[in-house]
Amino acid sequence: MNDAVRAVTVGRAIPLPGNDIDTDRIIPARYLKSITFDGLGEAAFIDERAAERDAGRTHRFDDERFAGGSILLVGRNFGCGSSREHAPQALQRFGIRALVGESFAEIFSGNCTVLGIPAVRAAAADIERLQALVEQDPSTEVTVDLDAQTVTAGTLHCPATLPEGARHALVRGTWDSTALLLAGRDRIAATAGNLPYLNAFAG
């Protein structure tokens, strides 16, 4: 079991308006050549950030008002497109610890879960209210509570859900399958030692 249980995430937020934001926008395909995920945080939304600068505007990931934000507020069908795991890896390395959106692409949300990042769903009207609240006051603290299945920001309380399997894994700390395997390595070795077809090759 992983010690870093993800039952409650608290932090300031980054409102990111728009629907159908795909994984190529989150992290362009050219970064898939990397053999590690190191440095991907700097490349999150890199093309869109550059385009905004060229147009004299500021992307939310470059906006000083939201600097240090760890909860990403998004719209509908976030993370659609390819199944690249680099997308949530880039967001995590940028500093994102939880996402709140109207809906998420299934593979993207699954990739988030295995990193310990909750991707919770809320009603469109609640997302709009959350984004507007943070726009008005970027210092607003947002709480994502997987036990209560709520998102709270100031006096705003919103129901929030995610698939029960993902919620259970995050609350119980069993989201990291690699950590679970390592924690059970003695039992794995003992079981392997009792398997006749492995012992036949031991001598």
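Here the structure is a predicted model, which means the values were calculated and not measured.

1. What to know about the pattern of salt bridges
Phase 1: With the rule as written, the count across this model stands at 12 salt bridges.
Phase 2: Among the salt bridges present, the one from Arg 53 reaches Asp 62, with a minimum N-O distance of 3.1 Å.
Phase 3: Judged by its relative accessible area of 24%, Asp 62 falls in the partly exposed class.
Phase 4: A salt bridge links Arg 60 to Glu 135, with the nearest nitrogen and oxygen atoms 2.3 Å apart. Placement of Arg 60 in the loop between helix H3 (46-54) and strand E2 (71-73) and of Glu 135 in helix H6 (residues 124-136) is noted, with a sequence separation of 75 residues between them.
Phase 5: The class of Glu 135 is partly exposed, set by a relative accessible area of 27%.
Phase 6: One continuous salt-bridge network, built from bridges that share partners, spans Arg 60, Asp 63, Arg 65 and Glu 135.

2. Description of the packing of aromatic side chains
Phase 1: A full pass over the atoms with the stated rule returns five aromatic pairs.
Phase 2: Measuring from centroid to centroid gives 6.3 Å for Phe 78 and Phe 104, while their planes differ by 85°, and the two rings are edge-to-face. Residue Phe 78 is located in the loop between E2 and helix H4 (86-94), and its partner Phe 104 is located in the loop between strand E3 (98-101) and helix H5 (106-113); the two are separated by 26 residues in the primary sequence.
Phase 3: Ring geometry for Phe 78 against Phe 108: centres 5.4 Å apart, planes inclined by 75°, an arrangement best described as edge-to-face. Of the two residues, Phe 78 is situated in the loop between E2 and H4 and Phe 108 in helix H5; the sequence distance between them amounts to 30 residues.
Phase 4: Taking relative accessible area as the criterion, Phe 108 reaches 3% and is therefore assigned buried.
Phase 5: Feature note: the residues Phe 45, Phe 61 and Phe 94 constitute an aromatic cluster, connected by ring pairs.

3. Some remarks on the nonpolar core
Phase 1: Counting 50 residues, the largest nonpolar core has Phe 45, Leu 72, Phe 78, Leu 91, Leu 99, Val 100 and Phe 108 as its most contacted members.
Phase 2: If sequence neighbours within four positions are ignored, Leu 72 has contacts with Ile 14, Leu 16, Phe 61, Phe 78, Leu 91, Ile 96, Ala 98, Leu 99 and Val 100.

4. Regarding the side chain of Asp 145
Phase 1: Residue position: Asp 145 is located in strand E5 (residues 141-145).
Phase 2: The buried charged residue Asp 145 lacks any salt bridge partner; its closest oppositely charged side chain belongs to Arg 167, at an N-O distance of 7.2 Å.
Phase 3: At 2.9 Å, the side chain of Asp 145 and the backbone nitrogen of Ala 148 are in polar contact.
Phase 4: With sequence-adjacent residues up to four places away left out, Asp 145 is seen in contact with Ala 7, Val 8 and Thr 150.

5. Some remarks on the packing of H4 against H5
Phase 1: Orientation of H4 relative to H5, taken along the N-to-C sense of each, is 45°, at an axis distance of 8 Å. Of the possible angle classes, the one that applies to H4 and H5 is oblique. Crossing of H4 over H5 shows right-handed handedness. Packed against H4, whose contacting residues are Ala 87, Pro 88 and Leu 91, the element H5 presents Phe 108, Asn 111 and Cys 112 at the interface.

6. Details of the pairing of strand E7 (residues 156-159)
Phase 1: Burial along E7 is one-sided: the residues Leu 156 and Cys 158 are buried and none of His 157 and Pro 159 is.
Phase 2: Where strand E6 (residues 150-153) and E7 come together, four bridges link them in antiparallel fashion. In the strand pairing of E7, Thr 150 is matched with Pro 159.
Phase 3: Between E6 and E7, which pair antiparallel one after the other, the connecting turn spans two residues, and Gly 154 there sits at a positive phi close to 60°.

7. A few points about H4
Three- or four-residue spacings in an α-helix give side chains the same orientation, since the helix completes a turn every 3.6 residues.
Phase 1: Here H4 lies mainly inside the structure; seven of its nine residues are buried.
Phase 2: For H4, the full list of buried residues reads His 86, Ala 87, Pro 88, Gln 89, Ala 90, Leu 91 and Gln 92.
Phase 3: Next to the buried residues of H4 lie helix H1 (23-26), helix H2 (40-43), E2, E3 and H5.
Phase 4: Looking one or two residues beyond H4, the residue adopting positive phi is Gly 95, at roughly 125°.

Criteria and thresholds
- Residues numbered from 1 in each chain as written.
- Predicted model: local features only at pLDDT ≥ 70, side-chain atom pairs only at ≥ 80, totals over all residues.
- Heavy atoms only, no water.
- Salt bridge = Lys/Arg side-chain N within 4 Å of Asp/Glu carboxyl O.
- Buried < 20%, exposed > 50% of the residue type's maximum accessible area, 1.4 Å probe, protein only.
- Helix = DSSP H or I, 4+ residues; strand = E, 2+ residues; numbered from the N terminus.
- Phe/Tyr/Trp six-rings, centres within 6.5 Å; stacked < 30°, edge-to-face > 60°.
- Core = buried A, V, L, I, M, F, W, Y, C linked by side-chain atoms within 4.5 Å.
- Contact = heavy atoms within 4.5 Å.
- Lys, Arg positive; Asp, Glu negative; His and termini not counted.
- Polar contact = N/O pair within 3.5 Å; in protein donor to acceptor, adjacent residues only side chain to side chain.
- Axes fitted to C-alpha atoms, helices over the stretch in contact; angles between N-to-C directions.
- Parallel < 35°, antiparallel > 145°, perpendicular 65-115°, else oblique.
- Left-handed = near helix turned anticlockwise from the far one by under 90°.
- Pairing = 2+ DSSP bridges.

By themselves, these are just geometric observations and shouldn't be taken as functional.
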